[in-house]
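# Breakdown of the fold
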Amino acid sequence: MDLFDGLEPPQGGREQMAPGAVLLRGRASGCGAALLDVIAGIAAEAPFRRMVTPGGFTMSVAMTNCGAAGWVTDRRGYRYAAQDPQTGRPWPAMPDVFARLAQEAAAEAGYPGFRPDVCLINRYEPGAKMALHQDKDERDFASPIVSVSLGLPAVFRFGGARRADPVVKYPLRHGDVVVWGGESRLWFHGIDALKPGAHPLAGPVRFNLTFRKAL
Ligand code: MD3
Ligand code: FE
């Protein structure tokens, strides 16, 4: 029994979720408004869009990217592309505030020297979800992935190395940063359907940034 029984964990906490995966609770809450401003600027150049999977399904999550390449999917497959297929232009450059946050969070979690070259930006509206999957489209599995949650909270499902492994559910809230490296870099994960709500800064949506070394 302690002071936090039945309450949220104190902010600034660090939690080991799995081998190599570190949750930095609230790590980005101080720069949340700045990050949301930057996302709006990126979306003005490279709009959020719901892409089609190779199987022909339209994803419920809307996406855009910044950096040297962007993650895309269509009937031809999943890949990183240097140009935005919707505009034919390069993706917007990685903003300094993004790169610094990802680099500092990775170092705090035990991955010094992480320098992401791409950032996938996911936007969830109520009902949007991401089915259990692995992230395998990057060239370099030795580098971690850094994720930043903004806006409405979501339930994250974390499985294991095999699709059938049991999952553990974690709430991810505005400002939470997770660094996924080591053994868990290739573990299965997903996001449950977003519950409707209103976040004071982001409004009725959740954003997730994932910083990767993809090229
Ligand atoms: C665990 N995004 O974009 S971020 C994705 O909240 C993705 O939008 C989710 O899964 C989201 O691919 C979850 C957390 C995350 C990202 C990459 C991982 C967890 C991960 C890679 C390996 C293991
Ligand atoms: Fe993923």
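Please read all numbers here as calculations on a predicted model, not as lab measurements.

Cut-offs and rules
Residues numbered from 1 in each chain as written. Chains lettered and ligands numbered in written order. Predicted model: local features only at pLDDT ≥ 70, side-chain atom pairs only at ≥ 80, totals over all residues. Heavy atoms only, no water. Salt bridge = Lys/Arg side-chain N within 4 Å of Asp/Glu carboxyl O. Buried < 20%, exposed > 50% of the residue type's maximum accessible area, 1.4 Å probe, protein only. Near = heavy atom within 4 Å. Areas by Shrake-Rupley, 256 points an atom, 1.4 Å probe, with all protein chains shown as cover. Helix = DSSP H or I, 4+ residues; strand = E, 2+ residues; numbered from the N terminus. Pairing = 2+ DSSP bridges. Axes fitted to C-alpha atoms, helices over the stretch in contact; angles between N-to-C directions. Contact = heavy atoms within 4.5 Å. UniProt positions renumbered as here; feature names shortened; annotations may be inferred. Polar contact = N/O pair within 3.5 Å; in protein donor to acceptor, adjacent residues only side chain to side chain.

### Things to note about the pattern of salt bridges
- Under the defined criterion, the tally for this structure stands at 13 salt bridges.
- Put simply, R76 and D74 hold a salt bridge, and the shortest N to O gap is 3.7 Å.
- Under the relative-accessibility criterion, D74 is labelled partly exposed at 22%.
- Overlapping salt bridges, with partners in common, bring together D135, E138, R185 and R212 in one network.

### What about the site of ligand 1?
- The full set close to ligand 1 counts 19 residues, and N122, Y124, R185, H189 and R206 are the nearest of them.
- Bound to the protein, ligand 1 loses 98% of the 490 Å² it would expose on its own.
- The set of elements that each furnish at least two residues to the shell around ligand 1 consists of β6 (118-124), β7 (130-133), β8 (145-151), β12 (189-191) and β13 (206-212).
- Top element by residues in the shell around ligand 1 is β13. It accounts for four residues.

### Observations regarding the sheet that holds strand β11 (residues 177-180)
- Taken together, the seven strands give an open sheet; going across it, the order is β1-β2-β11-β8-β13-β6-β3, and neighbouring strands pair in antiparallel fashion. Strand pairing shows two members of the sheet lacking a second neighbour, β1 (14-18) and β3 (62-67), which therefore form its edges. Each strand axis lies, on average, 20 degrees off the axis of its neighbour in the sheet, ignoring direction.
- The pairing of β6 with β13 spans seven bridges and is antiparallel. Across the sheet, C119 pairs through a bridge with F211, a residue of β13.
- Against the sheet, helix α2 (residues 96-108) touches β1, β2 (21-24), β3, β6, β8, β11 and β13, its axis set at about 120 degrees to β8.

### What to know about the UniProt feature "binding site: substrate" (unreviewed entry) in the protein chain
- UniProt's entry tags W71, Y78, R79, Y80, D137 and R163 with the feature "binding site: substrate" (unreviewed entry), counted in the numbering of this structure. In three dimensions, the annotated residues from a span of 93 residues occupy distinct locations, with a maximal C-alpha spread of 23.8 Å.
- Position of D137 relative to the elements: it lies in the loop between β7 and β8.
- Residue D137 is classed as partly exposed on the basis of its relative accessible area of 31%.
- Residues within four places of R163 in sequence aside, it is in contact with L132 and F188.
- Of the polar contacts made by the side chain of R163, one reaches the backbone oxygen of L132; its length is 3.2 Å.

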